[in-house]
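Structural description and commentary
Spelled out from the first residue to the last, the chains are:
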Amino acid sequence: MKDARIEHIVARVKDMPVLPSRLNRIMDITEDPDSTVEDLEGEILLDQSLTSRILRLANSAHYGYPRKIDTISQAVILLGFQTIKSMALASTVNKMMTRELSGYALAKDALWTQSQTCAIISRYIARDVGFGNPEKAYIGGLLRDIGKTILNHYVDKEYNAISNRVKFGKVSFLEAEEEILGFNHAQVGGRIAEKWNFPIELVEAIGLHHSPERSTEDPKLVSIVHIADSITMMIGISIGADGLTYPFSPFALHELGYDPKDMEQLISRSHDLIVDMDSFNL
Ligand SMILES: [Fe+2]
């Protein structure tokens, strides 16, 4: 029944985001081991704004390259395929995530800022625990709350019922969302990722970011995004109505080899990273 309702919503939502075909091509190229730098360069050059973002990043102090990078092929070699993929995706979802989401009391740009924060922390944790593909963690962190862009309309309509549940029922916003609507923003986000033909482990990272213990594909990836999400909420940047701190899942901590005592240090390191975010704010 629950599933049928999500299907119904996902099927009828007019503004269900569609991935531009160019982004799909860029993702295919970056995943294909036989692709060349020229293949990727050719696709990037078709997009003026992506071209200039990539050059800006390659020439930023963050990479500290001594010589000016003035071609996309040099930038691709310097940054790597995976970073280019994250950038291309970020520049696409940026448009979907900047609008105001009144149902979640998120001002314009708030979800976007929060998502970038979560993405950067996810990548950091991935490196910290030796996870093989930090850029995948970045993408999971970036998209984990994308379901809110779709669900906003429904949450808005039921806003009083949901916030009363939070206030008087002592449940989290997520639980209230689930009780009143029958599903939560994570599940809807998972559906979007499925529609975009994302690999199953990313569908899970988004769909289960509040319930990592249910992961079957790549519990480490889901756990990384879960921990990064909780830290993002704790750091308290543009948290909106969903800003109740979600406790760290013991499953996720165990999966990543963290002790609960490690979290204080991880939160303070994440904070430092975010203060420095402007240096790679794209
Ligand atoms: Fe969430």
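Residues numbered from 1 in each chain as written. Predicted model: local features only at pLDDT ≥ 70, side-chain atom pairs only at ≥ 80, totals over all residues. Heavy atoms only, no water.

1. Remarks on the overall build of the chain
Secondary structure assignment for the chain yields 16 helices and zero strands. A globule of 282 residues ought to have a C-alpha radius of gyration of about 19 Å, and the chain, at 19 Å, matches this closely. Across the 282 residues of the chain, 54% fall into the buried class. For the chain, the exposed area adds up to about 12,900 Å²; of that, 51% sits on carbon and sulfur atoms. (Helix = DSSP H or I, 4+ residues; strand = E, 2+ residues; numbered from the N terminus. Rg over C-alpha atoms; globule rule 2.2 N^0.38 Å. Buried < 20%, exposed > 50% of the residue type's maximum accessible area, 1.4 Å probe, protein only. Areas by Shrake-Rupley, 256 points an atom, 1.4 Å probe, with all protein chains shown as cover.)

2. Things to note about the coordination of the iron ion
With distances of 2.1 to 2.2 Å, the protein atoms coordinating the iron ion are Asp145 (OD), His185 (NE2), His209 (NE2) and His210 (NE2). The sequence pattern formed by the donor residues of the iron ion is D-x39-H-x23-H-H. One end of the pair, Asp145, is in the loop between helix 8 (134-143) and helix 9 (147-157); the other, His185, is in helix 12 (residues 185-195), with 40 residues separating them in the sequence. In terms of burial, Asp145 and His185 fall into one category: buried. (Donors = N, O, S within 2.8 Å, 3.2 Å for Na, K, Ca; no water.)

3. Quick word on the confidence of the model for the chain
Of all residues in the chain, 91% attain a pLDDT of 70 or more, and the chain-wide mean is 87. Mean pLDDT values over the elements of the chain span from 69, in helix 1 (residues 2-12), up to 97, in helix 15 (residues 250-255). (pLDDT = per-residue confidence, 0-100.)

4. Remarks on unusual backbone geometry
Positive phi, close to 75°, is recorded for Asp109, a residue that is not glycine. Owing to a relative accessible area of 34%, Asp109 belongs among the partly exposed residues under this scheme. Positive phi values are uncommon outside glycine, yet Asn197 reaches one of about 60°. Tracing the backbone shows Asn197 in the loop between helix 12 and helix 13 (200-207).

5. Points about the side chain of Asn152
Here Asn152 shows up in helix 9. Residue class for Asn152 comes out buried when judged on its relative accessible area of 7%. A distance of 2.7 Å separates a polar atom in the side chain of Asn152 from the backbone nitrogen of Gly103. Each residue touching Asn152, except ones within four places of it in the same chain, is listed here: Arg99, Glu100, Leu101, Ser102, Gly103 and Tyr104. (Polar contact = N/O pair within 3.5 Å; in protein donor to acceptor, adjacent residues only side chain to side chain. Contact = heavy atoms within 4.5 Å.)

6. Points about the packing of helix 10 (residues 159-169) against helix 11 (residues 173-181)
It is at 9 Å that the axes of helix 10 and helix 11 come closest, and there the two elements cross at 130°. Compared by their axis directions, helix 10 and helix 11 come out oblique. Taken as a pair, helix 10 and helix 11 cross one another with a handedness that is right-handed. Facing Ala161, Ile162, Arg165 and Val166 of helix 10, the residues of helix 11 in contact are Phe173, Ala176, Glu177, Glu179 and Ile180. Looking at the contact of helix 10 with helix 11 residue by residue, the classes come out as six nonpolar, no polar and three charged. (Axes fitted to C-alpha atoms, helices over the stretch in contact; angles between N-to-C directions. Parallel < 35°, antiparallel > 145°, perpendicular 65-115°, else oblique. Left-handed = near helix turned anticlockwise from the far one by under 90°. Nonpolar A, V, L, I, M, F, W, Y, C, P; charged D, E, K, R; others polar.)

7. Observations regarding the nonpolar core
Of all hydrophobic cores here, the largest spans 82 residues; its most connected members are Ile54, Val93, Ile125, Leu143, Trp196, Phe198 and Ile227. Ignoring anything within four residues of it in the chain, the contact list for Ile227 reads Ile125, Phe248, Ala252, Leu253, Leu256, Met263 and Leu266. (Core = buried A, V, L, I, M, F, W, Y, C linked by side-chain atoms within 4.5 Å.)

8. Remarks on the pattern of salt bridges
Applying the stated criterion across every chain yields a total of 11 salt bridges. Among the ionic pairs, Asp229 bridges to Arg144, the shortest N-O distance being 2.7 Å. Of the two residues, Asp229 is situated in helix 14 (residues 219-235) and Arg144 in the loop between helix 8 and helix 9; the sequence distance between them amounts to 85 residues. Its relative accessible area of 0% is what places Arg144 among the buried residues. A salt bridge links Asp259 to Lys261, with the nearest nitrogen and oxygen atoms 3.7 Å apart. For Asp259, a relative accessible area of 33% corresponds to the partly exposed category. Among the residues examined, Lys261 registers a relative accessible area of 70% and is labelled exposed. One network of salt bridges, with partners in common, ties together Arg144, Asp145, Lys148 and Asp229. (Salt bridge = Lys/Arg side-chain N within 4 Å of Asp/Glu carboxyl O.)

9. Focus: the environment of Pro20
As for its placement among the helices and strands, Pro20 is situated in the loop between helix 1 and helix 2 (21-31). Given the relative accessible area of 38%, Pro20 is considered partly exposed. Along the chain, Pro20 and His226 lie 206 residues apart, while their C-alpha atoms are 28 Å from each other.

10. Quick word on helix 9
Taking burial as the measure, the 11 residues of helix 9 include eight buried ones, the bulk of the element. For helix 9, the full list of buried residues reads Gly147, Lys148, Thr149, Ile150, Leu151, Asn152, Tyr154 and Val155.

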